[in-house]
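# An overview of the molecular structure
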Amino acid sequence: MKITFHGHSCVQVETGQASLIIDPFLSGNPTAKISADDVKVDAILLTHGHGDHVGDAVSIAKKNEAKIIAPFELATYMGWQGCDVHPMHIGGSYQFDFGRVKLTPAFHGSGYVLEDQKQIIYLGMPAGLLLTIDGTTIYHAGDTALFSDMKLIGEQHNIDLAFLPIGDNFTMGPEDALIAAEWLQAKKVVPMHYNTFPLIEQDAQAFVRALKEKGIEGEVLEAGGQLAL
């Protein structure tokens, strides 16, 4: 399994059978090294309805005839845009051809700002994602604050890789993300949702050093960076 980080919170997962992309914010993402036209996927997973996470989902879905998997309200809205969708919600899981997806809580917002900037479409509760393929589990926390049920997520699931936001201001910062990493007990932690914009500038290497001091393996992936599981 190959994991590629495309900057911000966009993660691509490729197996021998399928290619998936999470929160495909590429157009307008100053850190991204690829464009939406470069993406070849079978499914798109969305954590919530903010523009820096929905990103290029509609164009990618239509070009690839890919299914969008998202919380119910967001999936419904994507369906109205002409996309093939699979709605889910918090706590629910589903076995797809490529693997199992489970939605976890995330403490954040979820609303899409229309182009006229005069209306925000409320798109339900935000979520995190647990993706299990061939016995390997990836946790993508989405945008979230620290919350104590992360302990339960760690106890219930054997997490091989966790993507955690560290940007602060809009999500938890490095200090809270360090606590989250301890609670989740993931084998490896990769920071995300930082340095895309000035408001969320953080030192990811310092975060990884703090993880190491806690006995947790961490790795900084620059946009385009890959790792194998």
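See the structure printed just above.
Residues numbered from 1 in each chain as written. Predicted model: local features only at pLDDT ≥ 70, side-chain atom pairs only at ≥ 80, totals over all residues. Heavy atoms only, no water.

## With respect to the sheet that holds strand β8 (residues 100–105)
The strand order across the open sheet formed by seven strands is β7-β8-β11-β12-β13-β14-β15, and the pairing between neighbours is mixed. The strands lining the two open edges of the sheet, one partner per strand, are β7 (93–95) and β15 (217–218). Bridge count between strand β12 (residues 136–140) and strand β13 (residues 161–165): three bridges; the pairing is parallel. Opposite H140, over in β13, you have F163 as the bridge partner. Along the sheet, helix α5 (residues 174–184) makes contact with β12, β13 and β14 (188–192), crossing β13 at roughly 155°. (Pairing = 2+ DSSP bridges. Helix = DSSP H or I, 4+ residues; strand = E, 2+ residues; numbered from the N terminus. Contact = heavy atoms within 4.5 Å. Axes fitted to C-alpha atoms, helices over the stretch in contact; angles between N-to-C directions.)

## Thoughts on the nonpolar core
The biggest cluster of nonpolar side chains holds 26 residues, and the ones touching the most others in it are I3, L20, L45, F98, V101 and F163. Counting only elements with at least two residues in this core, the list comes to β1 (2–5), β2 (11–14), β3 (19–22), β4 (43–45), β8, β11 (127–133), β13 and β14. Counting 25 residues, the second-largest nonpolar core is a separate cluster that includes Y139, I153, A181 and V220. (Core = buried A, V, L, I, M, F, W, Y, C linked by side-chain atoms within 4.5 Å. Buried < 20%, exposed > 50% of the residue type's maximum accessible area, 1.4 Å probe, protein only.)

## Regarding the sheet that holds strand β5 (residues 67–71)
Neighbouring strands of a sheet are bound in pairs by backbone hydrogen bonds; such pairs are parallel or else antiparallel. The strand order across the open sheet built from seven strands is β6-β5-β4-β3-β2-β1-β16, with neighbouring strands paired in mixed fashion. Strand pairing shows two members of the sheet lacking a second neighbour, β6 (85–88) and β16 (226–228), which therefore form its edges. The average undirected angle you get between the axes of adjacent strands in this sheet is 20°. One ladder, built from three bridges, connects β4 with β5; its direction is parallel. Residue pairing in the sheet places A43 in a bridge with K67 of β5. Contacting β5 and β6, helix α3 (residues 72–80) runs over the sheet at an angle of about 145° to β5.

## Some thoughts on the pairing of β14
Across the five residues of β14, five count as buried, placing the element largely inside the fold. What you see with β14 is no split at all: K188, V190 and M192 on one side and V189 and P191 on the other are buried throughout. Bridge count for β13 against β14 is four bridges, and the pairing is parallel. Counterpart to L164 in the pairing with β14 is P191. Alignment of β14 against β15, held across two bridges, turns out to be parallel. Looking at the pairing, K188 lines up with E217 of β15.

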